[in-house]
Amino acid sequence: MSTRYDISPGELAGIVELIKLNYGYDFSDYAHASLLRRVLRFMDTARVKTAYDLKYHLTNDKDFFAWFLQTVTVNVTEMFRDPLFYKTLRDKVLPKLAAYPVIKIWHAGCSTGEEVFSMCILLHEAGLLDRARIYATDLNPVNIEKAKTGIVPMRYMKEYTANYQQSGGKNDFSAYYTARYENALISKELRSKIIFSQHNLVSDHVFNEFQLVCCRNVLIYFNKDLQNRIYHLFYDSLTPMGYLAIGMKESLLFTDIRHRFETVHAAAKIFKRKL
Amino acid sequence: MIQKPAENLLVVGGSAGSLPIIMSLIENLPDGFNWPVIVVLHRLKNVNSELVKLLAGVKNGRRVCEPEDKTQLRDKYIYLAPQNYHVLLEADKTISLDYSEPVHFSRPSIDVTFEAAAHVYGNKAAGILLSGANNDGAYGLEQIWRAGGSVAVQDPETCEYAAMPLAAIHRIREVLILQPAVLALFLENLLLNK
Ligand SMILES: C[S@@+](CC[C@H](N)C(=O)[O-])C[C@H]1O[C@@H](n2cnc3c(N)ncnc32)[C@H](O)[C@@H]1O
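Criteria and thresholds
Residues numbered from 1 in each chain as written. Chains lettered and ligands numbered in written order. Predicted model: local features only at pLDDT ≥ 70, side-chain atom pairs only at ≥ 80, totals over all residues. Heavy atoms only, no water. Helix = DSSP H or I, 4+ residues; strand = E, 2+ residues; numbered from the N terminus. Rg over C-alpha atoms; globule rule 2.2 N^0.38 Å. Buried < 20%, exposed > 50% of the residue type's maximum accessible area, 1.4 Å probe, protein only. Contact = heavy atoms within 4.5 Å. Areas by Shrake-Rupley, 256 points an atom, 1.4 Å probe, with all protein chains shown as cover. Lys, Arg positive; Asp, Glu negative; His and termini not counted. Charge placed at Lys NZ, Arg CZ, Asp CG, Glu CD. Domains from an automatic or database assignment. Buried area = accessible area lost by both parts, 1.4 Å probe. Pairing = 2+ DSSP bridges. Polar contact = N/O pair within 3.5 Å; in protein donor to acceptor, adjacent residues only side chain to side chain. Arc of directions from axis to C-beta. Right-handed = clockwise from strand over helix to strand, strands pointing away.

The name an unreviewed UniProt entry assigns to chain A is Chemotaxis protein R, from the organism Filimonas zeae.

Okay, structure coming up:
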């Protein structure tokens with residue numbers, strides 16, 4: 001943590017504006033504190049000392065922007081993160097989804113895919129994978145390309161195995177991937193129902209109707225207004241009685257359509273669209 | 001839902017060896033000390049910690065909670081930084097949670113929240129850094145001090161692990177070095193000085 005540089009709110013707004021004009025990504029309704037922290041962190045790694053220099057490089061160098069984007073979006077993710085969430089999916093949600101001939105699921109902000117692979121394992125164990133269509137989207141094209149490879153760093157597998165077991169998983173976790181030196185390749189059959197694509201929650205629209213939408217640890221990066229808009233987007237993307245899952249420390253409290261959802265599991269943050 | 005955001009803020013950071021001190025600090029909050037308190041304690045990942053329950057058992061008219069994203073800071077509340085998230089603050093005195101890389105191998109990181117308190121609350125912030133075996137917190141405490149806020153560390157002699165307070169003492173010339181028994185006095189003084 002060595003953010004010794006500083007930029008003013010006005011300068012940050014200028015940077016956001018420039019990115020919007022040049023690259024079409026709109027960060028203006030992101031939560032200010034975390035966005036500022038990410039930008040300062042990037043300036044630190046890239047050794048860019050002033051907002052002026054940052055804007056100069058962002059304007060003139062596409063690769064520099066790609067690097068910037070990679071730092072500014074927080075891409076950290078895990079398999080079976082929050083075992084309680086996955087356990088609740090297993091026990092409460094999947095049995096209900098089993099009633100649909102085709103089960104459509106959307107992971108919004110899927111990062112490098114770990115959450116989606118975990119979902120595939122759950123579906124597989126519930127005997128539902130064959131009927132599932134899983135749309136996994138992210139704003140960041142680099143994340144999507146990584147996710148498509150199905151590769152997860154081997155060094156986390158021990159932790160993921162423990163998460164999996166805590167979530168009620170009983171199978172041999174290592175049967176779901178092939179270890180190759182420092183990488184684990186998630187089995188191809190498990191991934192066969194996933195469609196990865198780029199989608200920006202801020203500017204793109206409803207593109208299908210789903211029985212389950214997962215958007216975990218993405219909305220924390222948005223301000224309340226934008227969160228509200230996105231909850232409307234999710235509402236419109238769900239079938240009646242469809243499920244919405246958000247991060248463990250997120251809440252529907254600040255959205256004006258909270259009354260159109262009912263709580264399925266308060267601690268696991270799973271909700272259901274009313275009719 | 002319109003509530004006045006808190007005007008002052010106390011952030012307490014601790015790591016190995018700090019839990020008993022935090023417990024007694026909260027138990028002995030002076031009457032009239034209504035500032036919101038954010039407690040950033042290094043904890044194990046994915047261990048559903050008993051901490052909230054433990055602290056919620058402390059009865060003195062204050063509510064203990066793990067804040068959710070965009071929670072408004074309010075007087076008489078004690079907020080425990082949730083495991084796995086950094087606690088940031090917005091200018092409107094709401095909390096933004098952040099799931100980015102650990103800082104000093106820690107998430108939540110004490111530095112991150114101290115620095116946020118310095119940014120948003122300036123000289124209306126206070127920070128206390130307790131026992132711990134790493135360097136988290138020293139940089140952030142210095143930021144609070146630079147912003148004109150009040151800063152104190154647990155006397156290293158009384159710490160199970162002295163590294164954290166020592167790192168802050170090295171950075172901050174005027175940091176108060178306090179034995180656990182006088183932390184409550186430090187808080188009373190904060191009220192007098194505002
Ligand atoms: C912390 S990760 C969450 C990953 C995963 N859902 C989890 O909880 O482990 C946040 C992700 O949100 C993505 N993101 C940020 N802004 C977005 C937007 N406007 N639209 C879609 N995805 C976005 C980032 O690129 C990043 O991959």
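Draft legend 1. Region of the structure containing the overall build of chain B. The helix and strand tally for chain B stands at six helices and nine strands. For 194 residues, the compact-globule estimate of 2.2 N^0.38 gives 16 Å, and chain B sits close to it at 15 Å. For chain B, the spread of C-alpha atoms along the principal axes amounts to about 45 × 40 × 30 Å. For chain B, the residues scored as buried account for 58% of the 194 residues in total. Within chain B, counting contacts between residues at least 6 apart in sequence, those at least 24 apart form 70% of the total. Carbon and sulfur atoms make up 52% of the accessible area of chain B, which amounts to about 8100 Å² in all. Each charge class in chain B can be summarised by its mean position, and for the 17 positive and 21 negative side chains these summaries are 5 Å apart.

Draft legend 2. Region of the structure containing the environment of Asn-183 of chain A. Residues and elements named next belong to chain A. Within the secondary structure, Asn-183 is located in strand S5 (residues 183-186). Counting along the chain gives 26 residues from Asn-183 to Met-157, while the straight-line C-alpha distance between them is 9.5 Å. The contact partners of Asn-183, leaving out residues within four places of it in the chain, are Ile-151, Val-152, Pro-153, Met-154 and Thr-178.

Draft legend 3. Examining the domain arrangement of chain A more closely. Residue and element names in this part refer to chain A. The domains assigned to chain A are domain 1 (9-72) and domain 2 (83-273). Relative placement of domain 1 and domain 2: their C-alpha centres are 29 Å apart. Contacts between the two partners involve eight residues from domain 1, matched on the other side by 15 residues from domain 2. Across the domain 1 to domain 2 interface the summed buried area is about 1000 Å²; carbon plus sulfur atoms make up 50%. For domain 1, the biggest contributors to the area lost against domain 2 are Asp-29, Tyr-30 and Gln-70; these three give 51% of the whole.

Draft legend 4. The pairing of strand S9 (residues 261-265) of chain A, seen in detail. Summarising the sheet, S9 of chain A and strand S10 (residues 270-273) of chain A pair through four bridges and their orientation is antiparallel. Note on S10 of chain A: the bridge partner recorded for Phe-261 of chain A is Arg-273 of chain A.

Draft legend 5. Geometry of the environment of Asn-217 of chain A. Within the secondary structure layout, Asn-217 of chain A lies in the loop between strand S7 (210-215) and helix H10 (224-237). The exposure class of Asn-217 of chain A is buried, given its relative accessible area of 9%. Contact partners of Asn-217 of chain A, with chain neighbours within four places excluded, come to Arg-81, Gly-247 and Glu-250 of chain A together with Tyr-85 of chain B. A polar contact of 3.5 Å, which involves the side chain of Asn-217 of chain A, links it to the side chain of Arg-81 of chain A.

Draft legend 6. Seen up close, helix H3 (residues 51-60) of chain A. Residue and element names in this part refer to chain A. By the burial criterion, the buried members of H3 are Ala-51, Leu-54 and Leu-58. Take H3 and look down its axis: the buried residues cluster within an arc of 60°, on one side only. Across H3 from its buried face, at more than 90 degrees, point the exposed residues Tyr-52, Tyr-56 and Asn-60. Of the surrounding secondary structure, the elements contacted by the buried residues of H3 are helix H1 (9-23), helix H2 (32-46) and helix H4 (62-72).

Draft legend 7. Main features of the pairing of strand S8 (residues 238-246) of chain A. Residue and element names in this part refer to chain A. By the criterion of burial, S8 is predominantly enclosed, with seven of the nine residues buried. Where S7 and S8 come together, five bridges link them in parallel fashion. The residue bridging Val-213 from the neighbouring strand is Leu-244, located in S8. As for the winding sense of the linkage, the β-α-β connection from S7 through H10 to S8 is right-handed. One ladder, built from three bridges, connects S8 with S10; its direction is antiparallel. Looking across to S10, one finds that Tyr-243 is bridged to Lys-272.

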